[in-house]
Protein chains: 2
Amino acid sequence: MLSAPPPVFILVNPQMGENIGAAARAMMNFGIPTLRLVNPRDGWPNPAATDNATGAFEHMNEVVVFPSLKDAIADLHTVYATTARTRDIAKATYTPAAAMTELRARHGTNNTHHTGFVFGPERTGLENDDLALCHAIVYIPTNPAFPVLNLAQSVLLIAQEFFRSLDQTPPVINDVTPAPQAEFDALFQRLQDELDHGGFFKSEDLKPRMLRNLRTMLLRGQWSEQEIRTFQGMLSALTGKNK
Amino acid sequence: MLSAPPPVFILVNPQMGENIGAAARAMMNFGIPTLRLVNPRDGWPNPAATDNATGAFEHMNEVVVFPSLKDAIADLHTVYATTARTRDIAKATYTPAAAMTELRARHGTNNTHHTGFVFGPERTGLENDDLALCHAIVYIPTNPAFPVLNLAQSVLLIAQEFFRSLDQTPPVINDVTPAPQAEFDALFQRLQDELDHGGFFKSEDLKPRMLRNLRTMLLRGQWSEQEIRTFQGMLSALTGKNK
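Residues numbered from 1 in each chain as written. Chains lettered and ligands numbered in written order. Predicted model: local features only at pLDDT ≥ 70, side-chain atom pairs only at ≥ 80, totals over all residues. Heavy atoms only, no water.

1. What about the sheet that holds strand 2 (residues 35-38) of chain B?
Residues and elements named next belong to chain B.
Step number 1: If you trace the seven strands from one edge of the open sheet to the other, you get 3-2-1-6-4-7-5, paired in parallel fashion. Two strands close off the open sheet at either side, each with one partner strand: strand 3 (64-66) and strand 5 (93-94).
Step number 2: Bridging between strand 1 (residues 8-12) and strand 6 (residues 115-119) involves four bridges; their strand directions are parallel. Bridging from a neighbouring strand, Ile10 pairs with Val118 of strand 6.
Step number 3: Packing of helix 1 (residues 17-29) onto the sheet brings it into contact with strand 1 and strand 2, and relative to strand 2 it is tilted by some 155 degrees. (Pairing = 2+ DSSP bridges. Helix = DSSP H or I, 4+ residues; strand = E, 2+ residues; numbered from the N terminus. Contact = heavy atoms within 4.5 Å. Axes fitted to C-alpha atoms, helices over the stretch in contact; angles between N-to-C directions.)

2. A short note on the packing of aromatic side chains
Given two aromatic rings, their pairing is described by the distance between the two centres and the angle made by the two planes.
Step number 1: Within this structure, the stated rule accounts for 16 aromatic pairs over all chains.
Step number 2: Between Phe9 of chain A and Phe117 of chain A, the ring centres sit 5.9 Å apart and the planes meet at 65 degrees, which makes this aromatic pair edge-to-face. Here Phe9 of chain A, found in strand 1 (residues 8-12), pairs with Phe117 of chain A, found in strand 6 (residues 115-119); they are 108 residues apart in sequence, far enough to count as distant.
Step number 3: Between Phe9 of chain B and Phe119 of chain B, the aromatic rings sit 5.2 Å apart at their centres with planes inclined by 50 degrees, giving tilted as the arrangement. Placement of the pair is Phe9 of chain B in strand 1 and Phe119 of chain B in strand 6, with a sequence separation of 110 residues. With respect to class, Phe9 of chain B is no different from Phe119 of chain B; both count as buried.
Step number 4: Through a chain of ring-to-ring contacts, three or more aromatic side chains come together here, namely Phe9, Tyr80, Phe117 and Phe119 of chain A.
Step number 5: Between the NZ or CZ atom of Arg215 of chain A and the centre of the ring of Phe188 of chain A, over which it lies, the distance is 4.6 Å. (Phe/Tyr/Trp six-rings, centres within 6.5 Å; stacked < 30°, edge-to-face > 60°. Buried < 20%, exposed > 50% of the residue type's maximum accessible area, 1.4 Å probe, protein only. Lys NZ or Arg CZ within 6 Å of the ring centre and 35° of its normal.)

3. Some details on the interface of chain B and chain A
Step number 1: The partner chain A presents 51 residues to the 51 residues of chain B that form the contact.
Step number 2: Contact between chain B and chain A buries roughly 3,700 Å² in total, counting both sides, with carbon and sulfur atoms accounting for 57%.
Step number 3: Along the contact surface separating chain B from chain A lie two salt bridges.
Step number 4: The partner of Arg164 of chain B in a salt bridge is Glu161 of chain A, with the nearest N and O atoms 2.9 Å apart. (Buried area = accessible area lost by both parts, 1.4 Å probe. Salt bridge = Lys/Arg side-chain N within 4 Å of Asp/Glu carboxyl O.)

4. Quick word on the sheet that holds strand 4 (residues 78-83) of chain A
Residue and element names in this part refer to chain A.
Step number 1: Across the sheet, which stays open at both edges, the seven strands sit in the order 3-2-1-6-4-7-5 with parallel pairing between neighbours. Sheet topology places strand 3 (64-66) and strand 5 (93-94) at the edges, where each strand pairs with a single neighbour.
Step number 2: With four bridges joining them, strand 4 and strand 6 adopt parallel strand pairing. Looking at strand 6, one finds that Val79 is bridged to Gly116.
Step number 3: Sheet contacts for helix 1 (residues 17-29): strand 1 and strand 2 (35-38); angle to strand 2, the most-contacted strand, approximately 155 degrees.

5. A closer look at the pattern of salt bridges
All names here are of chain B.
Step number 1: One pass over the full model with this rule turns up 14 salt bridges over all chains.
Step number 2: Between Asp42 and Arg41 there is a salt bridge, and its shortest N-O distance comes to 3.0 Å.
Step number 3: The salt bridge partner of Asp196 is Lys207, with a shortest N-O separation of 2.8 Å. Linking Asp196 in helix 7 (residues 181-197) with Lys207 in helix 8 (residues 207-219), this pair joins segments that are 11 residues apart in sequence.
Step number 4: Since its relative accessible area comes to 37%, Asp196 is described here as partly exposed.
Step number 5: Residue Lys207 is classed as buried on the basis of its relative accessible area, which comes to 11%.

Everything listed here is a matter of geometry and, on its own, says nothing about what the molecule does.
And the structure:
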């Protein structure tokens, strides 16, 4: 796959500097370095944004302010509008994951294809005139009983979705490596001998079944070599061999 | 699939009330109604938490405070610890998506299997003694150059991951229904006639190729019936038929 620049994120008419800072932090958490602002209410730069970004701006490209969304997206090739609700507009509406699949497909054949995600102001979301400038809509499914995400949360979820479309982290990162079965068998044989010695098995008839149940229960932990040595040490202590 | 209760979220030693409120809001955005607190620094209830939750607590079960993590998870069957970094501990570590796959598998066979996700305090994350109480670790992959998620963001991402493991939203929610091809063909035939009339085709030799290119370009929009009527209206206006 060809590498491609991450999408540009564009905040339209953001109000609180705190939210711009939190959005920047969320972007950098997932490797999105380019933020553009359209008409931020409190001007730019904004000390509240810097405070809330906890250093994110130092990792990012310079934030550029534009007078309109049309200007802010003029150099982009495909632009997605994010909305909190589905809209009655004749435009394809994707989940974030589906949008990233499409975006990766475009990048896969053309690494000069520049994309953007547009986020509306805190209370009202994007106007229909802004939506009309975008090629498609991205809708984040939420709990219908409590659906409203704040601006930085929406940015975080879209940014993470881009990151996971590239991420190579295996689903199970750090599983325990179990010891070879022979080491478990040696432990189990010793345990069986000690239990025999201690009168654990009520009768020879019951013994095979009890052993099967014991093996099932102990095998489930898939102990490592170190953990099997620990159990060996427990057996020594429990049977008085450490005295 | 059997339905099952959503996982319980447990915040250990949370400091800022604002973060508890933001975490509650994020939980309800994705349908997680049960929050437990272990030793919140500023006590409970906490007005800053209520302010920042924007009404989320009204939708949730009552928040219960516990003196220790051990007490908070006593009634749960499987408990996942969330960490910001991978730990040197012999415990399976999952991505959020993999953890939800496992959790759904457990729920699928036993809808009385109660699960929980544990989140550490803001600055330090979970202590190793707390990790030892949990069955597995969940690690959220982030940009290595700027990895630190805040508490409410971590809660948001785990909550969304649970929600998406249940969510039935189709990837493309509201695509445009294109008109049947016959309607496009009628439009295209009219366009061809008008272009012939206007001298668009330089020569009969070039015409078939030009028509193919035109069809390719106009077909790509997959216009709806309404949009084809709009284009018909444009043709009337452009050729002076509206005068």
